[in-house]
Structure formats: structure tokens, C-alpha cells
Amino acid sequence: MKSHAKAVVIGGGVVGCSVLYHLAKAGWTDIMLIERSELTSGSSWHAAGGFHTLNGDPNVAKLQAYTVQLYREIEELSGQSCSLHLTGGVMMADTPERMDFLRLAHAKGRYLGMDTELITPSEAKAMFPLMDETNFVGAMWDPVEGHLDPSGTTHAYAKAARKLGAEIVLRNRVVELTQEVDGTWNVVTEQGTVKAEHVVNCGGLWAREIGRMVGVELPLLAMEHMYLLTEPMPEVEEFNKSTGREMIGVMDFKGEIYTRQERNGILLGTYEKACKPWSPVNTPWDFGHELLQPDIDRIAPSLEIGFKHFPGIEKAGIKQIINGPFTFALDGNPLVGPVQGLTNFWCACAVMAGFSQGGGVGLALSNWMVHGDPGFDVWGMDVARFGEWATLRYTNAKVRENYSRRFSIRFPNEELPAARPAQTTPLYDTMLANNAVMGDSWGLETPLWFAPKGTEPNDIVSFHRSNDFGPIGEEVRATREKVGVTEIANFAKYEVSGPGSEDLLNRLMTNRMPKTGRIVLTPMLNEFGRLIGDFTIAKAGEERFMIWSSSAAQKYHMRWFEKHLPKDGPGASQVRIHRFDQTLVGLSIAGPKSRDLLQKLVDADISTKAFRFMDFREMAVGGAPCMVNRITYTGDLGYEIWMAPAYQRLVYKAIKDAGEAFGLVDFGMRALLSMRLEKNFPTWFRELRPIYGPFEGAMDRFVKLEKNDFIGRDAAAREQAEGPKLRRVSFIVDAADADVMGDEPIWAKVGGKDYGTVEKPHGYGAARFDTNGKEVRGSRAAEGASAVRGIVDGDWRVVGWVTSGGYAHYVQKSMAQGYVPAALAADESAGLFEIEILGSRRPARINVEPPFDPSGEKMRA
Ligand SMILES: Cc1cc2nc3c(=O)[nH]c(=O)nc-3n(C[C@H](O)[C@H](O)[C@H](O)COP(=O)(O)OP(=O)(O)OC[C@H]3O[C@@H](n4cnc5c(N)ncnc54)[C@H](O)[C@@H]3O)c2cc1C
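Residues numbered from 1 in each chain as written. Predicted model: local features only at pLDDT ≥ 70, side-chain atom pairs only at ≥ 80, totals over all residues. Heavy atoms only, no water.

Caption draft 1: View of the overall build of the protein chain. Looking only at helices and strands, one finds 20 helices and 39 strands in the protein chain. Here the C-alpha coordinates of the protein chain stretch approximately 85 × 65 × 55 Å along the principal axes. The buried share of the protein chain, taken over its 861 residues, is 64%. Counted over contacts in the protein chain with a minimum sequence separation of 6, partners at least 24 positions apart contribute 74%. For the protein chain, the accessible area works out to roughly 30,800 Å², and carbon and sulfur atoms hold 50% of it. Taking the average location of the 95 positive side-chain charges in the protein chain and that of its 108 negative ones, the two points are 3 Å from each other. (Helix = DSSP H or I, 4+ residues; strand = E, 2+ residues; numbered from the N terminus. Buried < 20%, exposed > 50% of the residue type's maximum accessible area, 1.4 Å probe, protein only. Contact = heavy atoms within 4.5 Å. Areas by Shrake-Rupley, 256 points an atom, 1.4 Å probe, with all protein chains shown as cover. Lys, Arg positive; Asp, Glu negative; His and termini not counted. Charge placed at Lys NZ, Arg CZ, Asp CG, Glu CD.)

Structure follows, in C-alpha cells:
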């Protein structure tokens, strides 16, 4: 074993071997993988080997498609077969709601380059005759599904990596990790210590233990998982003989089961409701190539549904039940990337579908390590997406919830109950007393809307407008016409201070920093000129800035800030970045009467001239020391008021008492989001994401190319000079009783005209391989963009995708935001666009100016 390596990958499961292969392919050959036992000694050896491309997050779906396409490549390079069976598969819907879900998934596929097809139950039965089709209302066919040999596939990655120069050390456990002052890692193993620049945690079932070696508790948990194998079945053999084909894979939502052919019998796996964590606190080091005791009682309810839906299987004898553990993060997606607070410590763990996702995870992580950036929009699997609140017990509750709902529909207005409430503000009980329907916002309980007195504060979950529609409308109208108050504790809040802080922010942000007492809005870009943040920044004093942004991005942004803290130069290390989390909470008041209301609570003069739009001021509100921004996300006259939690009840009471005379109402997050829609305001993670440039995102006025050199400036200048290819726009949609949710296709009647872009980008800059596995550099089309197929309908073509939307209650319009080719972005003609909502194409019209207060008069008043 060598004593130095550029990178050490810990763990020889499918994920570790994929990461090793991708690092070697990207040109790092001084790398090694260290495995405790033999390759596949964790979950990988007993996996059912199924793969598919479908994922709730389109960006993760795209990386899954890449994984599937990669298998041929590693087979060729390694000479090792993966035993690929590309059978295709169907998802079966047993209710109209589940069919709506499939329609949505199919619509997304239109711009993701997926060839899915909606089919009837009888058509599904023709491909899988063991089902009783009368149990179902419809199905979706996906040709890119199948199964493979898990062990062969892991070895194929390993052999291919070896061929490219990587070293693999077996039967050698990593027992300790320490870091030198210069950042070098000491990887202490049973066979000695390796000095490494980078360490990658691919420990699978032991990923938590490896995390703990560096003081990190990773939010993942192993769950027991069972699948059964039947004896050979004559029906299967007969089908194979008569059609010359293998039976397809089937996913059944109702039973939370999947099934497919295995040799000449059937494999059926369950995600049972009564699920069971495995080794919830520590994973034993002596666990190896063993299986767990099957527990037929636990899966009996799933089997009952399975046998009813697939009576052909019930008749077969069960040959074996496999029970093995594998790991999940809270939302079922992997944990990938550099861990905030550490240098060169990387994660690729909690990969619950290693054979669907392993390739994409390896590609993104190797890009990140080699080129400093994943090259794809990997937010859906970024290890930074969970906060400190995701403790061991929180994770346990959420993972069990996620497992038991593996194939369940998550409705757009559905809040999941497990592990809640976690964090609460001092107003939590008051909000419950006000009949608030609460939601989870990055681990914090946040009021979503207020149910009328005497009614149950619950959402009726639906893809259509629901019981919140009326009350939200009232909250919006009362705010727009009088005044409303809402909690905004769920925003991210930071303070950057000390000598050098203004220089740092000027280097990170695209906009000029404000003068003392003023506020600016500013995007933040990566080196490739792509959007990685959107901030409100106030200059609170000399070398002191207050910053607000998206709650969920707190660790993601802290990781970026820390990476770019100046390391050299006089005074450089004096910049301090503090994340407040819930040590700073807030309230926002908005509406035409908000100034009159606030004036009752403060001694300062807050008239239009004395406290202008986009001013920041520290002042006492209702007797409590606060910071006040004259700006709100409602786009109306309004204020954000920030205080220590100890004062929040005092300020709220003062607002409520004084507000009575002005007709004050409480409003929730959903009303706030409705109001931002009618102002055409974008949201982070929806409209603004790392796959878009600032000009594509219509953030032009916040990008000051001439101010100073900032990160991403050159790329942004190029984007401006060449002109953005895509453009964010707002639509008014002629919707019926359902509004867009996000990810719907946008159709345009373009006739024979070619607007160039009908592709959703997934990769950028550092993406050295497109999602078809070909090496590419440069052009947007080759940067992993989805090729759109099968989307021409006469003169109509899919030209874009929705990012978010809903009902704009004050202007009484259904609205959507999304991206279309820039050449179409200013065309407000009627009849040009349609947006597909739940399978029905609805007329839509671009609305360049926001329908509410287009001149901004009200917010500047
Ligand atoms: C019953 C069952 C069915 C499944 N079916 C499917 C399926 O159909 N499709 C699918 O995609 N996925 C399936 N999975 C999930 C799949 O197995 C996992 O996604 C995948 O194996 C995860 O791989 P990994 O490399 O992350 O982890 P693991 O396979 O757990 O590998 C981790 C490796 O790290 C090594 N290691 C840990 N700590 C150390 C250390 N300190 N030093 C050195 N080495 C260390 C371990 O020995 C192990 O070999 C199934 C899992 C089970 C249990």
C-alpha cells in the first residue's frame, strides 16, 4: 500500500467504485480506494439490482439516466459484464390521484428527454400478464428501466478504475482520520497511514461511523429491506417463449411494491408501512456478507395487496426471502459533496438506489473534486441541504416516514408530520391559537395559512385548489387593502463584519454594496457565471453587513462563504461571518396601512422621506431593540422587523394591539408567495438555480459588470454580450381548478420557426461529460441539456418549463413563472403559449410587467 495519495476513497461498494472510476477518468490517477473487507461488503452485494430513471427531482432524474447509459462504457473498458437487462417498466396507478401524479411525471419527461408513455391497464397487462388489470386505472411506461448484477457492476467499475491507474486496497479498515495544519489528511488504517489531500466517505452502512471520525453526524439511517424470489413459474417461461421477451418491471403505488422477472421466476420487493431501522445508532464493524432474518409478518399487508394485484404471483412457491439493510437520508436522495466546516472531506453516501444513482453521484462528485464544481444542479442530493436539526433521532423518524411512503404521492400542499415540531419560535403557541396551519421550513415550524375560526387547521391534500384557497385569498386582500403581519423567522440571516468585509462581499456579489443605512438586492455567481444565491444585503455600519436569503441554502451558502474567506493579506482574517439561524427571528408587516401602524410603535420618524424604500435602520419597535428593513417580499409598502427571540412576543403583541384600528390580519407563507407571484418576483431554488445565468434569470439590474472583478464576472459578461438563450418570464394562465406546481412543460405555437432552445440544462462549466456519457466541453447544448423528443404537435412545440406558480389572489389570476427561449420572452400575444396542467394544455400569455403595481409606486410610497 502506498503512503501518499491525492485522494483516498473509503468504501468499496458500488458508490465508492463509481467515485474511484470517475476520478480516474477525470485524470486523477494518484488515487486509492480502501475497503474494510472485499468489494461489495455492505449493501451492494444483496441488492435487487433494479434501475430506473424516474425521480421527483428532474436534476437527479437526469443523473440517473446518465448512470444507466454508463453501464455499456464500463463493461467495455473493464471486460466485466454487468448482466444488463433493459426490460422497461410500468408504474401502475390505482386511483385518479395516482394517475394525476403519472400525468405530471410524464409531462416533466417531455423536456427531460424521457420517452415515457401513458398507457392503459390492459396494455400494461400485455407486458406483465401476471397482473389483474381491473385493479388499476392507468399506467406509465418507461423504456429505461431494468435490472443488472450488483456484484458484477461494482467489479466492472473497480476494474475500469484500475485500468485507468487507480489502486484498490482490500481487507484494510480505516480506523481514524486526522488532519494536519496544512490540511493534509492522515488516513489511519489497519495496514498503516496514508497521507491524502482529499478523503471521500463512501462508507455506505458505516458512513455515519466515518463521519464521526471527523466530528460530523451525517443524517442517514439504514433500514431493513425485504424482497422475495419465487420458484420458477410456467407462466413466466411461457411468456418468454411466446413473445421472445423478458417480463417488464412493475411498480405498484398502492402496495408500495416492485416486481420483475428474475431468471424464470419473479422477484417482488416491498416498502412496508411497518418498516424497521437497522442498527439505529452504531453499525457493527463485524457485519459483512450476512443477511438479516426475514420477517414475513411485517411484509404480509404489502404481500396481500401484491397478491391481489398480481394474482399470478400468489400461486408460485416462495423460494427465498432476502432481508438486507441499506441507507437512506431524510428525503431518500443521496448525501453528496464537501462537508461544510471541513476542508477536502467529501461525502457520497446515503445512496439508496446505488444502481440507478451511483454513476451520476460519481460523475458529480468527481467534477466537484477535480474542477471545484459539480457541473450539474445537484442541490437535490447536496449534503448541505440539511441543518443541525437533522439529529440522529430526527433522522430516524424522517427516514422511517420516507421509507414507508417510498412510492406514495406527495401532494403539492402536503406537509409530512414525522419529527415535528422540531424548531419553534416564541410565537408557536400563539400561531396555533390563531388557528394557523403550520408547515416545516428547514426544520422550523412556520405558519402557512390561517384556517377560519371553528374549522380544523388542516390541509386537504390535492393536486387541485383546496381548502386553503378561500382563506389565503382573504389574507391577501386584507393585506393589500389594509395591513397584514406574518412571521419571517424562516429566512436565512447572516452578519458579515470586520475589516475587509466590504471587499469580500464585493468579490462574492454581482451588485454594488450599499451605503450605510441602505439595502441592495444581489445575486451571487459561481466561477461559471451561474446563479448560486440571491441575497438582500443591508449595510448596518462601517464594515458591518446584515444579509438575508433562502432558509434552505444556509449550509450551502456558508460553505461557499468559508471557501472564499480571504486567506492572505493584512487584516484579511479579521472578516467574520456569523449565521444567526434562530437566534434572530422576524416579523413582517405589509400593506398600505403598514406605515401608519409602525409609526405607532416607534419614536423615530418613518415618513416616506425619513425612512425611504430600501432603507435599513436599527430602532426600538414596541419597546424592543430591532433592525428594520423597508422592503418586503409582498412587493407592497411594508417592513421586515428583526429581533432577538426574547423580544418576538413583545413586538408581535404591540403590532396586534396597534393593528386592530387598521384592520390588521395575520397572513402565512402561502399568502406571501401568492403576493410575490403578482409582482413577478422569483424564488431561490425555483426560478433561480445554478443551471441559469443571471441574464437568463432576468436579474439584469442587479448585475454591475463595471463595478469590480467579482466571481463569475467574465462568464456573466459573456452571457450578456452573446445574449441569454433562455429567459425567465411570468405567465397568466387560463387555468381551471388547478394551478401549476412547477416542472410543467410550456408549449408554443411556433409553426416551422426554430427558436434554438427546447432543452433544459442540467450541466454547466465543469460538466465534462454529458448525461449520455459523451465527453463534451463548451456548448450549452452539449452540457448535459435534455434533448426534447416527441414533443412536436403540429405547429406546437414544447419550448420551456415552469419553475413555480399558483394563484395570484389579489389580481385574481392563475400565474406561472418559467423559462422559454429568449427570442420568445417578450411576446405577449394571446394564443402563442399553452401550459400543461395535469395533462390538459391551458392557454397562457406572457406578462412582462407585473400585474400588481407595475410601476412599483405602492412599495415606494
Ligand atoms: C435488499 C436490498 C435490495 C436492494 N435493491 C436495490 C435495487 O434494486 N436497486 C438499487 O439501485 N439499489 C438497491 N438496493 C440498495 C443498494 O444496495 C445501495 O444503494 C448500494 O449498495 C449502496 O452502495 P454504497 O457503496 O453506498 O454502500 P455499501 O454497499 O454499504 O458499501 C460500503 C462499503 O464501505 C466499506 N467500508 C465501510 N467503512 C469502512 C472503513 N472504515 N474502512 C474501509 N472500508 C469501509 C464497507 O465494507 C462496504 O463495502 C438494495 C439494498 C438492499 C439491502
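Caption draft 2: Region of the structure containing empty space enclosed by the protein. Applying the stated criterion across every chain yields a total of two cavities of 30 Å³ or more. Within this model, the second largest cavity holds a volume of roughly 40 Å³. Lining the second largest cavity, in full, are Gln 423, Ser 441, Trp 442, Leu 444, Ala 489, Asn 490, Ser 551, Gln 554, Asp 581 and Gln 582. Split into classes, the residues belonging to the lining of the second largest cavity amount to three nonpolar, six polar and one charged. (1 Å grid on protein atoms, 1.4 Å probe; cavity = no way out; pocket = protein on both sides within 12 Å on 5 of 7 lines; lining within 4 Å. Points joined across faces, edges and corners; volume = space filled by probe spheres on them. Nonpolar A, V, L, I, M, F, W, Y, C, P; charged D, E, K, R; others polar.)

Caption draft 3: Main features of the site of the ligand. In the vicinity of the ligand lie 39 residues, with Glu 35, Arg 36, Ser 44, Val 351 and Gly 354 positioned nearest. Contacts to the ligand include Ser 44, whose side-chain N or O atom sits 2.6 Å from an oxygen atom. For the shell around the ligand, a count of residues per class yields 19 nonpolar, 17 polar and three charged. (Near = heavy atom within 4 Å. Polar contact = N/O pair within 3.5 Å; in protein donor to acceptor, adjacent residues only side chain to side chain.)

Caption draft 4: Representation of helix α18 (residues 669–677). With respect to burial, α18 is a largely interior element, eight of its nine residues being buried. Tucked into the core, α18 has its buried residues touching β21 (444–450), α13 (469–481), β22 (484–487), β36 (796–808) and β37 (813–821).

Caption draft 5: Fine view of the pairing of strand β26 (residues 544–549). Of all six residues making up β26, five are buried, and the element is well covered by its neighbours. Where strand β25 (residues 531–541) folds back on β26, the antiparallel hairpin that results is connected by two residues, among which Glu 543 adopts a positive phi of roughly 55 degrees. (Pairing = 2+ DSSP bridges.)

Caption draft 6: Inspection of the packing of helix α1 (residues 14–25) against helix α10 (residues 354–371) at higher detail. Across the interface, α1 lies against α10 with an axial gap of 8 Å and an inter-helix angle of 40 degrees. As the angle between them shows, α1 and α10 are arranged oblique. Once α1 is placed against α10, the crossing between them reads as right-handed. Seen from α1, the contacting residues are Val 14, Val 15, Ser 18, Val 19, His 22 and Leu 23; seen from α10, they are Gly 354, Phe 355, Gly 358, Gly 359, Val 361, Gly 362, Leu 363, Leu 365, Ser 366, Met 369 and Val 370. A per-class count over the contact of α1 with α10 returns 10 nonpolar, seven polar and no charged. (Axes fitted to C-alpha atoms, helices over the stretch in contact; angles between N-to-C directions. Parallel < 35°, antiparallel > 145°, perpendicular 65-115°, else oblique. Left-handed = near helix turned anticlockwise from the far one by under 90°.)

Caption draft 7: Summary view of the pairing of β21. Burial analysis of β21 places seven of its seven residues in the buried class, which makes it a mostly covered element. Judged from the six bridges that link them, strand β20 (residues 436–441) and β21 form a sheet pairing that is antiparallel. In the sheet register, Gly 439 faces β21, and the bridge partner there is Thr 446.

Caption draft 8: Up close: the nonpolar core. One finds Val 8, Leu 177, Val 187, Met 509 and Phe 561 to be the most contacted residues of the largest nonpolar core, which totals 108 residues. Of all hydrophobic cores here, the second largest spans 46 residues; its members include Ala 7, Cys 82, Phe 355 and Met 381. (Core = buried A, V, L, I, M, F, W, Y, C linked by side-chain atoms within 4.5 Å.)

Caption draft 9: Summary view of the packing of α1 against helix α5 (residues 150–163). It is the contact of α1 with α5, at a shortest axis distance of 8 Å, that shows an interaxial angle of 25 degrees. Here α1 lies roughly parallel to α5, going by the angle between them. Like other packed secondary-structure pairs, α1 and α5 cross with a definite hand, here left-handed. Contacts from Val 14, Cys 17, Ser 18, Leu 20, Tyr 21 and Ala 24 of α1 reach α5 at Thr 154, Tyr 157, Ala 158, Ala 160 and Ala 161. For the contact of α1 with α5, the per-class residue count stands at nine nonpolar, two polar and no charged.

Caption draft 10: Representation of the environment of Asp 636 in the model. Counting through the fold element by element, Asp 636 comes out in the loop between β30 (624–629) and β31 (638–643). Excluding its chain neighbours within four sequence positions, the residues that come into contact with Asp 636 are Arg 480, Gly 591, Pro 592, Phe 852, Lys 858 and Met 859.

Caption draft 11: Here's a closer look at the layout of surface pockets. Volume-wise, the second largest pocket comes out at about 670 Å³. Along the walls of the second largest pocket sit 31 residues, with Pro 338, Trp 368, Arg 559, Trp 560 and Lys 563 positioned nearest its centre. For the lining of the second largest pocket, the secondary structure elements donating two or more residues are α10 and α15 (554–563). In terms of residues, the lining of the second largest pocket owes the most to one element, α15, which gives six residues. Looking at side-chain class alone, the lining of the second largest pocket contains 16 nonpolar, eight polar and seven charged residues.

Caption draft 12: Here's a closer look at the sheet that holds strand β23 (residues 492–497). Judged by pairing direction, the sheet is antiparallel, and its five strands sit side by side in the order β24-β25-β26-β23-β27 without closing on themselves. Because the sheet does not close on itself, it has two edges, and the strands there are β24 (519–525) and β27 (576–579). Each strand axis lies, on average, 25 degrees off the axis of its neighbour in the sheet, ignoring direction. Where β23 and β27 come together, four bridges link them in antiparallel fashion. Its bridge partner lying in β27, Glu 495 is registered against His 578. Of the strands in this sheet, β23, β24, β25, β26 and β27 touch helix α14 (residues 501–508), which is tilted by about 35 degrees from β26. Of the strands in this sheet, β23, β24, β25, β26 and β27 touch α15, which is tilted by about 75 degrees from β25.

Caption draft 13: Spatial organisation of the confidence of the model for the protein chain. Mean pLDDT over the protein chain: 92, with 94% of residues reaching 70 or higher. Low pLDDT, under 50, characterises residues 766–790; the predicted model gives this stretch 76 contacts beyond four residues in sequence or across chains. (pLDDT = per-residue confidence, 0-100.)

Caption draft 14: Highlighting α15. Where burial is concerned, most of α15 is hidden: eight out of the 10 residues are buried. Regarding α15, the residues found buried are Gln 554, Lys 555, Tyr 556, His 557, Met 558, Arg 559, Trp 560 and Phe 561.

Caption draft 15: Spotlight on the packing of aromatic side chains. A full pass over the atoms with the stated rule returns 34 aromatic pairs. For the pair Phe 136 and Phe 310, a centre-to-centre distance of 6.2 Å together with 40 degrees between the ring planes defines the contact as tilted. Of the two residues, Phe 136 is situated in the loop between α4 (121–127) and β6 (138–142) and Phe 310 in the loop between α8 (296–309) and α9 (311–314); the sequence distance between them amounts to 174 residues. With a centroid separation of 5.5 Å and 75 degrees between ring planes, the pair formed by Phe 328 and Tyr 403 is classed as edge-to-face. You can see Phe 328 sitting in strand β17 (residues 318–329) and its partner Tyr 403 sitting in helix α11 (residues 392–404), a full 75 residues away along the chain. Grouping residues by exposure puts Phe 328 and Tyr 403 together as buried. Aromatic ring contacts, followed pair by pair, group Tyr 258, Tyr 271, Phe 326, Phe 328, Tyr 403 and Phe 407 into a single cluster. (Phe/Tyr/Trp six-rings, centres within 6.5 Å; stacked < 30°, edge-to-face > 60°.)

Caption draft 16: A look at the sheet that holds β31. Reading across from one edge, β29-β30-β31-β28-β22-β32 is the order of the six strands in this open sheet, with mixed pairing throughout. Edge positions in the sheet fall to β29 (616–621) and β32 (665–666), since each has one partner strand and no second. Here helix α17 (residues 648–659) sits on the sheet and contacts β22, β28 (585–590), β29, β30, β31 and β32; the angle it forms with β28, its principal contact strand, is near 15 degrees.

Caption draft 17: Highlighting the pattern of salt bridges. If you walk through the whole model with that rule in mind, you get 44 salt bridges. Between Glu 180 and Lys 195 there is a salt bridge; the shortest N-O distance is 3.3 Å. With a gap of 15 residues between them, Glu 180 in the loop between β9 (174–179) and β10 (185–189) and Lys 195 in strand β11 (residues 192–201) connect regions that are remote in the sequence. By relative accessible area, which is 30% here, Lys 195 ends up partly exposed. The partner of Lys 276 in a salt bridge is Glu 224, with the nearest N and O atoms 3.7 Å apart. Taken together, the positions of Lys 276 in the loop between β15 (265–270) and β16 (277–278) and Glu 224 in strand β12 (residues 220–230) put the pair 52 residues apart, joining distant regions of the chain. Given the relative accessible area of 7%, Glu 224 is considered buried. (Salt bridge = Lys/Arg side-chain N within 4 Å of Asp/Glu carboxyl O.)

Caption draft 18: Region of interest: the side chain of Thr 283. With respect to the secondary-structure elements, Thr 283 resides in the loop between β16 and α8. Assessed through its relative accessible area of 4%, Thr 283 is described here as buried. Apart from residues lying up to four places away in sequence, Thr 283 is in contact with Leu 205, Trp 206, Arg 208, Glu 209 and Trp 278.

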